[in-house]
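Structural features, examined
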Amino acid sequence: MFSFNDYTSQQLKNWEKSKRILIYKNEEMYLEFIDFSLGNSEYKKKLYFGTISKEHANEILLNTGVDVEGFNCALSADEVRKINSSHGDEKKENVRGQRAYTVEDYLVIPFVILSADVVERSTKDYRNKPALLFHKQIGDESFTVVTGISNKHLDVFVQTSWITKKETLPRR
């Protein structure tokens with residue numbers, strides 16, 4: 001399992017007064033961000049977990065051909081709402097062989113990115129940029145987190161995520 005690099009004191013100082021960027025501090029703060037995101041469509045903040053380490057970036061590059069070393073791992077409030085609207089309804093998800101996303105499942109997103117069993121480049125780009133799929137088997141469920149890449153903001157940003165009720169990891 002990899003870990004995110006912490007931000008430097010200069011980076012933290014630069015973002016200190018940002019109206020848009022939050023820096024991950026702990027699980028409680030993360031859950032508060034999720035709650036605010038789900039409860040207010042006007043909430044437009046973005047949460048940074050840390051940067052992609054050299055070792056993690058090398059693994060991603062090897063599997064996808066995409067270099068993201070030093071990029072921020074980010075989740076925006078808009079994407080929290082998108083995941084909820086696309087994958088939060090139990091009836092719709094059951095038809096797909098998936099289960100509905102819960103608030104607690106958002107906590108798993110960084111874990112899936114850091115410890116994916118399989119990382120692959122999507123066959124579809126996101127806004128003309130590569131998209132990466134991180135797959136992780138946890139018990140009898142497969143978690144998939146799809147990220148887009150922003151070279152402008154140096155972000156690997158969560159675009160969507162879903163949970164399949166059985167093992168569905170791509171085979172290598």
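Source: prediction; values computed, not measured.

**Details of the pattern of salt bridges**
Considering all chains together, one arrives at eight salt bridges under this definition. Ionic pairing is found between Arg96 and Glu93, a salt bridge with its closest N-O pair at 2.6 Å. Across the pair Lys136 and Asp117 runs a salt bridge, and its minimum N-O distance is 3.3 Å. Highlighted residues: Lys136 in strand 7 (residues 131–138) and Asp117 in the loop between helix 7 (109–115) and strand 6 (118–121), separated in sequence by 19 residues. Its relative accessible area of 14% is what places Lys136 among the buried residues. Looking at Asp117, the relative accessible area reads 40%, which means it is partly exposed. Residues joined by salt bridges that share partners form a network here, namely Lys44, Asp78 and Arg81.

**Some details on unusual backbone geometry**
Not every positive phi belongs to a glycine, and Arg127 is a case in point at roughly 55°. Looking at the secondary structure, you find Arg127 in the loop between strand 6 and strand 7. Phi angles above zero are rare outside glycine, and Asn128 is one such case at about 65°. Position of Asn128 among the secondary structure elements: in the loop between strand 6 and strand 7.

**Comments concerning the nonpolar core**
Tyr30, Phe33, Ile52 and Ile109 are the most contacted members of the largest nonpolar core, which totals 35 residues. Beyond its immediate chain neighbours, meaning those up to four positions away, Ile52 contacts Phe4, Asn5, Ala57, Ile60, Val68, Glu69, Gly70, Phe71, Cys73 and Val156. Counting residues in hydrophobic clusters, the runner-up holds eleven residues, among them Tyr7, Ala74, Ala131 and Phe157.

**Concerning the packing of aromatic side chains**
Enumeration according to the criterion identifies eleven aromatic pairs in this entry. Centre to centre, the rings of Phe4 and Phe49 are 6.2 Å apart; their planes meet at 20°, and the pair counts as stacked. Residue Phe4 is found in strand 1 (residues 4–5), and its partner Phe49 is found in strand 3 (residues 46–52); the two are separated by 45 residues along the sequence. For the pair formed by Phe4 and Phe49, the shared burial category is buried. With 5.7 Å between their ring centres and 40° between their planes, Tyr24 and Phe49 make a pair best called tilted. Highlighted residues: Tyr24 in the loop between strand 2 (21–23) and helix 2 (27–39) and Phe49 in strand 3, separated in sequence by 25 residues. Under the relative-accessibility criterion, Phe49 is labelled buried at 10%. An aromatic cluster of at least three residues, connected via ring pairs, comprises Phe4, Tyr24, Tyr30 and Phe49.

**What to know about the pairing of strand 9 (residues 155–164)**
Residues in a regular strand point their side chains to alternate faces of the sheet. With nine of its ten residues buried, strand 9 lies for the most part within the structure. Sheet topology places strand 4 (residues 72–76) next to strand 9; three bridges connect them, and they run parallel. When the sheet's bridge partners are listed, Ala74 is paired in strand 9 with Phe157. Sheet analysis places strand 8 (residues 141–150) next to strand 9, joined by nine bridges and oriented antiparallel.

**Points about the packing of helix 2 against helix 4 (residues 77–87)**
Following both chains from N to C, one finds helix 2 and helix 4 inclined at 70°, their axes separated by 8 Å at the closest point. In terms of orientation, helix 2 lies roughly perpendicular with respect to helix 4. Along the contact surface, helix 2 presents Phe33, Ile34, Ser37 and Leu38, while helix 4 presents Ala77, Val80, Arg81 and Asn84. A class-by-class count of the residues in the contact of helix 2 with helix 4 yields five nonpolar, two polar and one charged.

Here is what the cut-offs are and how they apply
- For every chain, the first residue of the written sequence is number 1, and numbering continues from 1 along that sequence.
- Local features in this predicted model are restricted to residues whose pLDDT is 70 or higher, and side-chain atom pairs enter the listing and the counts only when it is 80 or higher, whereas totals over whole chains, interfaces and linings include all residues.
- Computation of side-chain values: all heavy atoms of the structure, hydrogens and water removed.
- By convention in these notes, a salt bridge is any Lys or Arg side-chain nitrogen within 4 Å of a carboxyl oxygen on Asp or Glu.
- Strands are runs of DSSP state E lasting at least 2 residues, helices are runs of H or I lasting at least 4, and numbering of each runs from the N terminus.
- Burial classes follow relative accessibility: with a 1.4 Å probe on protein chains only, a residue under 20% of its type's maximum area counts as buried, one over 50% as exposed, and anything between as partly exposed.
- The criterion is simple. A nonpolar core is a set of buried Ala, Val, Leu, Ile, Met, Phe, Trp, Tyr and Cys residues joined through side-chain atoms within 4.5 Å.
- Contacts were defined at the residue level, with two residues in contact if any of their heavy atoms lie within 4.5 Å.
- For Phe, Tyr and Trp, rings pair up if their centres lie within 6.5 Å, where Trp contributes its six-membered ring, and each pair is then called stacked (planes under 30 degrees apart), edge-to-face (over 60) or tilted (otherwise).
- Any two strands between which DSSP finds at least two bridges are classified as paired.
- Axis angles are defined between N-to-C directions and span 0 to 180 degrees, where every axis is a line fitted to C-alpha atoms and, for a helix, only to the segment in contact.
- In these notes the angle categories are as follows: under 35 degrees is roughly parallel, over 145 is roughly antiparallel, 65 to 115 is roughly perpendicular, and the rest is oblique.
- When residues are sorted by character, Ala, Val, Leu, Ile, Met, Phe, Trp, Tyr, Cys and Pro go into the nonpolar class, Asp, Glu, Lys and Arg into the charged class, and all the rest, Gly among them, into the polar class.

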